[in-house]
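Working through the structure, step by step
Okay, here's what each chain looks like letter by letter:
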Amino acid sequence: MPRGDSRSAREANLRIGAAMAEVEGLYTALLRAGTPEGRRRLETDLARAARRLAALAEAPSREPSPTVGVRRSRRGRRRVLAEHGAAWIIARYGRTGG
């Protein structure tokens, strides 16, 4: 794999990981929110973060070279988990976040 390809894949994985961490943090905060105003604000923030994560997960990626082990590495497994998490959030809250 050329050096630029692995760098762009690494950067994409980092962006997805950061977006997933944001969603997880907001979801945890929402579970612990006490006031209705706080819950509404966190729900809005969570919906916005979930849309960003979904957009990152849907972004077209270049096909890896056939010699690269796909989804066997730790990074590949984590990316699959992030994709499943994003799919669950989309199924649960929909595209509109409502």
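Below, the structure is looked at part by part. (Residues numbered from 1 in each chain as written. Predicted model: local features only at pLDDT ≥ 70, side-chain atom pairs only at ≥ 80, totals over all residues. Heavy atoms only, no water.)

Notes on helix H2 (residues 36–58)
For H2, spanning 23 residues, the distance from its first C-alpha to its last is 32 Å, which sits close to the expected 33 Å at 1.5 Å a residue. Listing the buried residues of H2 in full gives Gly38, Leu42, Leu46, Ala47, Ala49, Ala50, Leu53 and Ala54. (Helix = DSSP H or I, 4+ residues; strand = E, 2+ residues; numbered from the N terminus. Expected span 1.5 Å × (residues − 1). Buried < 20%, exposed > 50% of the residue type's maximum accessible area, 1.4 Å probe, protein only.)

Thoughts on helix H3 (residues 74–93)
Here H3 is 20 residues long and its end C-alpha atoms lie 28 Å apart, about the 28 Å a rise of 1.5 Å per residue gives. All of the buried residues in H3 are Gly76, Val80, Ala82, Gly85, Ala86 and Ile89.

Some thoughts on the nonpolar core
Ranked by size, the top nonpolar core spans 15 residues in total, and within it Val23, Leu26, Leu42, Leu46 and Leu53 carry the most contacts. Mapped by element, the contributors of at least two residues to this core are helix H1 (3–32), H2 and H3. Looking at this core, the element that brings in the most residues is H1, giving six residues. Beyond its immediate stretch of four places on either side in the chain, Val23 contacts Leu46, Ala49, Ala50, Leu53 and Ile89. (Core = buried A, V, L, I, M, F, W, Y, C linked by side-chain atoms within 4.5 Å. Contact = heavy atoms within 4.5 Å.)

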